[in-house]
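Tertiary structure, described
Spelled out from the first residue to the last, the chains are:
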Amino acid sequence: MRLAILADIHGNYRALQAVFADIARQDTDRSISLGDNIGYGPEPEEVVQALRQHRIDSVMGNHELGLVSRSYFNRLHEVARESLALTRTLLSAASLAWLESLPVAQVCCGARFVHGCPPQSMTVFLHEPTDNRLRRIFSSYPESICFAGHTHGFGFFEQNGLVLSRRVLRAERVQLDPGRRYLLLPGSVGQPRDALNWHAKYMVWDLGAQTIEVRAVPYDVQTTMRLLTERRFPASNAQRLFW
């Protein structure tokens, strides 16, 4: 069994297309999205239709929560609110209903999948957690592996009994130890904020070989940036895509 783990697509259909093409060459059996399928990007309807057409399971991200909850929408920063308001006008009723129906977490193949932080937070941000915080997080869920998104960056946290360790991920394959526990962040498809490059990022988890692989895929970023301008999204949304 090989799973493709996608996170934070954020309405970037061109990035998603490139990732789907790469996934097709990786001999995967299933794909799962960690939420924030929409928000920031100019083609949310195309993204949702593609996810549904490919039968991609997904959990709810905080941007989906912003479509559901007015109180949470009001807590978002101005760029996120403006982007979500535009996003809503670009979504069909069927796509809105699908996004609003997403679960807060999923468990599959002995792993937990969540947007923000296990066990099921859509909004908690996992940026450079301390060891004490990691211990609390690892104690909050029973599965040996949890995949989370939300940061738009990579994360690799390992628990071996009482010992915690972490490593910097690149576009690479990493061997896992079946006797240890992991909290893994696969980067972002649609708006990467890692130190690697502007390419769309996702992760392949090979259950048989007990490996993860970070994939970095170039895509038609110029078209995404042009559409953001044409559809009057905040200028910073385009500026964050290409550097």
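Structure: above.
Scope of this entry: the structure provided in the associated data block.

1. Details of the sheet that holds strand β7 (residues 154–160)
- Spatial strand order, β4-β5-β6-β10-β7-β8: six strands in an open sheet with mixed pairing. The two strands at the open ends of the sheet, each matched to only one other strand, are β4 (105–108) and β8 (163–166). Strand after strand, the sheet turns through a mean of 15° between neighbouring axes, direction not considered.
- Where β7 lies against strand β10 (residues 181–186), six bridges are found, and the strand directions are antiparallel. Residue Glu158 lies in a different strand from β10, and its bridge partner there is Tyr182.

2. With respect to unusual backbone geometry
- Here Pro118 and Pro119 are connected by a cis peptide whose omega angle stands at 10°.
- By secondary structure assignment, the location of Pro119 is in the loop between β5 (111–114) and α7 (131–138).
- Even without glycine at this site, Asp8 takes up a positive phi of about 50°.
- The phi dihedral of His152 falls on the positive side, at around 70°, and the residue is not glycine.
- Mapping His152 onto the fold places it in the loop between β6 (145–148) and β7.

3. A look at the pairing of strand β12 (residues 211–217)
- With five of seven residues buried, β12 is to be regarded as a mostly interior element.
- Of the pairings in the sheet, the one linking strand β9 (residues 173–175) to β12 comprises three bridges and is antiparallel in character. Opposite Gln175, over in β12, you have Thr211 as the bridge partner.
- Alignment of strand β11 (residues 200–206) against β12, held across seven bridges, turns out to be antiparallel. From the neighbouring strand, Met203 faces β12, where its bridge partner is Val214.
- Taking the residues that link successive antiparallel strands as the turn, the β11-β12 hairpin has four residues, and the phi of Gln210 there is positive, at about 55°.

4. Details of the sheet that holds β9
- Overall, mixed pairing links the six strands, which are arranged β3-β2-β1-β11-β12-β9 in an open sheet. The sheet is open, and its two edges are formed by β3 (57–58) and β9, each paired on a single side.
- Where strand β2 (residues 30–33) meets β3, two bridges bridge the pair, whose relative direction is parallel. From the neighbouring strand, Ile32 faces β3, where its bridge partner is Asp57.

What counts and how
Residues numbered from 1 in each chain as written. Predicted model: local features only at pLDDT ≥ 70, side-chain atom pairs only at ≥ 80, totals over all residues. Heavy atoms only, no water. Pairing = 2+ DSSP bridges. Helix = DSSP H or I, 4+ residues; strand = E, 2+ residues; numbered from the N terminus. Axes fitted to C-alpha atoms, helices over the stretch in contact; angles between N-to-C directions. Buried < 20%, exposed > 50% of the residue type's maximum accessible area, 1.4 Å probe, protein only.

Keep in mind these values describe shape, not function.
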